Amino acid sequence: MSLRDQACVTGIGETRYTRETTRSQAELTFEASLAAIADAGLDPKDIDGVVPYAMGGVIAEDFVTNFGLPDLRYSAVTPMGGASSVAALQNAALAVAGGLANHVLICLGRGALSTGRITDRIGMMPQFRLVAEHEMPMGTVAPAQFYAPMARRHMELYGTTSEQLGEIAVTFRRHAQLHDNAMMQKPMTLADHQASRMIADPLRLYDCCLESAGAAAVVISRADLARDCRHTPVYIGGVAEGHPDSPSTITQRPDICRIGLAKAAPKAFAMAGVTHADIDVAEIYDCFTYIVLCQLEDMGFCAKGEGGQFVQGGRIALGGELPVNTHGGLLSQAHIAGMNHIVELTRQLRHQAGARQVPDAEVGLVTGYGDLGDGSIAILHR
Amino acid sequence: MNDLAYDKPLPEPSAVSRPYWDALREHRLVLQCCRQCHTVRHYPRPVCDRCYSMDYEWIPASGRGTVHSWSTYHHPFHFAFKRDMPYVVLTVDLEEGVRLQAPLRGADASALRLGAPVEVVFEDATDEITLPAFRLL
Ligand SMILES: [Zn+2]
């Protein structure tokens, strides 16, 4: 049995995205969830499966309590950090294809500073046990520092430049300016990127994503039921997750420039029965500019080492050969851990993206990336 | 040395890593080696991922290696490193085939290239904990 086209994204919902909030992670998550369920044309009591974000401050039972779900018969978590949301698509597709649920809610909320800065969160996570023992004493305590050596080695081996990373940031900023729910509306030039202060060389401030408050949610429905929902169904054609070698420390990874997505991507393309040339739009997890470049290579859009040249010349901008992060991404829309990427891809494939619409978008992909290199990918089509 | 004065994160040795940290305190770098297939592994862990043996010994490392990658840290994500900024942290291929991450002393990033030879040095953080660092050879 293949999961191809067995499940659809039928509902999408988002809160406003902001820098800070006084609202709880749970409140934001419920608001986005109710919006996604209404968007699908469903009643909350139609939801019989929930896959909440493992770090999202809510558990599946909270949805029984708050929405009065009469028969929650499927629940799971996919604890892969930023790869969780797209990995949850695989989980939900499996659940509906296997007859375990009809409509599965996937949701993710972040309360920004109210739920702690990134460095505080990291120290408490079990996947950082080895890093905490061997690398945090060296001052390596934050994701920018975890990934800087990957980017530096890529530059030394292949001649990749900071300007090429800047091209990614500048492109996503332009896209964000076309979205009324994007945090960063101020224009950014390549010179602005180059003038931004160094954080962990070679990563500058504008190579790093935002920290945000807000929530997003999607409803995944069994394909035959999706046809009765409100909008054009968006099919999950192919989906996969992949874990890198030495997942708990990049330092010991045989090839520090190769991440889990390299293992997952061929499986997702094969399942969907499409090739790279079929992809009209890509929403790629962008915690850092370099991680976008690395994923483009590891998915096979170009060879390892060619990512720097690939992103130049407008190829990844709206109107280019492969528009990437049409909503602005984590770098310029908001850091909703990639759930916002799934929402945007769904909008693109429904042809509801307004000024950001990729004309005639039929097939697109979305990726997730979790510390310290977990990958997930879904190929969706209308 | 007064332990109370040390305000940076410290390792909490586990049952399996304790001998590694004990050796560093004596200014010796040791690595875990499988007794069955003789594969060296790092960071310390219970099982050999090549032959699945849980039988291992600690072998002395030469302390020499070559630069695999690096980053110059400019932004202190932890307050105690603010006074050190900027400084370079190296990822080093040790001669024994595993890697070590530690700061570079006595040079800045302009002196670096992939493959540059380095040697480990030892820095006492507290009475209990000594951390590795590197200098260029
Ligand atoms: Zn062995």
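Preceding block: the structure.
Undergrad: Would you take a moment to explain the overall build of chain B for this structure?
TA: In terms of helices and strands, chain B carries 1 helix and 8 strands. For chain B, the sequential pattern of α-helices and β-strands runs α-β-β-β-β-β-β-β-β. Along the first, second and third principal axes, the C-alpha set of chain B runs to 45 × 35 × 25 Å. Each of the 137 residues in chain B was classed as buried or not, and the buried ones make up 45%.

Undergrad: I keep staring at the interface of chain B and chain A and nothing clicks. Help me out?
TA: Accessible area lost when the parts come together is the quantity often used to give the size of an interface. Opposite the 35 residues of chain B that make contact, chain A presents 32 residues. Each partner contributes to the roughly 2900 Å² buried at the junction of chain B and chain A, and carbon and sulfur atoms together form 58% of this total. Inspection of the chain B/chain A interface yields 0 salt bridges. Where chain B meets chain A, there are 18 residue pairs in polar contact (both at pLDDT 80 or more). Breaking the side of chain B that touches chain A down by element, the ones donating at least two residues are α1 (18-25), β4 (64-73), β5 (87-94), β6 (99-105) and β8 (130-136) of chain B. Counting residues per element, the side of chain B that touches chain A draws most heavily on β4 of chain B, at 6 residues. Looking at the side of chain B that touches chain A residue by residue, the class counts come to 21 nonpolar, 12 polar and 2 charged.

Undergrad: Please explain the sheet that holds strand β2 (residues 40-41) of chain B as it appears in this structure.
TA: Sheet strands pair via backbone hydrogen bonds, and the direction of the pair is either parallel or antiparallel. Residue and element names in this part refer to chain B. Overall, antiparallel pairing links the 3 strands, which are arranged β2-β1-β3 in an open sheet. Since the sheet does not close on itself, it has two edges, and those belong to β2 and β3 (56-60), each with one partner. Of the pairings in the sheet, the one linking strand β1 (residues 30-34) to β3 comprises 5 bridges and is antiparallel in character. Paired with Gln 32 across the two strands is Trp 58, which belongs to β3.

Undergrad: What should I look at first to understand a nonpolar patch on the surface in this one?
TA: Residues Val 47, Tyr 52 and Met 54 of chain B make up a contiguous nonpolar surface patch of roughly 360 Å² in combined accessible area. Tracing the backbone through its elements, the reader meets Met 54 of chain B in the loop between β2 and β3.

Undergrad: Would you mind going over the packing of aromatic side chains with me for this structure?
TA: Any pair of aromatic rings gets described here by the distance separating the centres and the angle formed by the planes. All names here are of chain A. Inspection of the entire model under this criterion finds 12 aromatic pairs over all chains. Aromatic side chains Phe 30 and Phe 63 sit 5.3 Å apart centroid to centroid with 80° between the ring planes, which places their arrangement in the edge-to-face category. Of the two residues, Phe 30 sits in helix α1 (residues 25-39) while Phe 63 sits in helix α2 (residues 60-67), which places them 33 residues apart along the sequence. For the residue pair Phe 30 and Phe 63, the accessibility class agrees, reading buried in each case. Relative to Phe 67, the ring of Phe 30 has its centre 5.7 Å away and its plane inclined at 65°; by these criteria the two rings are edge-to-face. Here Phe 67 lies in helix α2 and Phe 30 lies in helix α1, a separation of 37 residues in the sequence. Phe 67 shares its class with Phe 30; the two are buried.

Undergrad: Would you take a moment to explain the coordination of the zinc ion for this structure?
TA: Ideal geometry at a metal centre gives angles of 109.5 degrees when four donors are arranged tetrahedrally and 90 or 180 degrees when six donors are arranged octahedrally. Residues and elements named next belong to chain B. The coordination sphere of the zinc ion, as far as protein atoms go, consists of Cys 34 (SG), Cys 37 (SG), Cys 48 (SG) and Cys 51 (SG), spread over 2.3 Å. Considering all 4 donor atoms around the zinc ion, the spread of angles at the metal, 99 to 115°, places the coordination shape in the tetrahedral class. As a motif over one chain, the donors of the zinc ion read C-x2-C-x10-C-x2-C. Here the two residues Cys 34 and Cys 37 agree in accessibility, since each one is buried.

About the criteria used
Residues numbered from 1 in each chain as written. Chains lettered and ligands numbered in written order. Predicted model: local features only at pLDDT ≥ 70, side-chain atom pairs only at ≥ 80, totals over all residues. Heavy atoms only, no water. Helix = DSSP H or I, 4+ residues; strand = E, 2+ residues; numbered from the N terminus. Buried < 20%, exposed > 50% of the residue type's maximum accessible area, 1.4 Å probe, protein only. Contact = heavy atoms within 4.5 Å. Buried area = accessible area lost by both parts, 1.4 Å probe. Salt bridge = Lys/Arg side-chain N within 4 Å of Asp/Glu carboxyl O. Polar contact = N/O pair within 3.5 Å; in protein donor to acceptor, adjacent residues only side chain to side chain. Nonpolar A, V, L, I, M, F, W, Y, C, P; charged D, E, K, R; others polar. Pairing = 2+ DSSP bridges. Patch = residues over 30% accessible without salt bridge, like charges linked within 9 Å, V, L, I, M, F, W, Y side chains within 5 Å. Areas by Shrake-Rupley, 256 points an atom, 1.4 Å probe, with all protein chains shown as cover. Phe/Tyr/Trp six-rings, centres within 6.5 Å; stacked < 30°, edge-to-face > 60°. Donors = N, O, S within 2.8 Å, 3.2 Å for Na, K, Ca; no water. Tetrahedral: all angles 85-135°; square planar, octahedral: opposite > 155°, others 65-115°.

Purely geometric numbers; function is a separate question.
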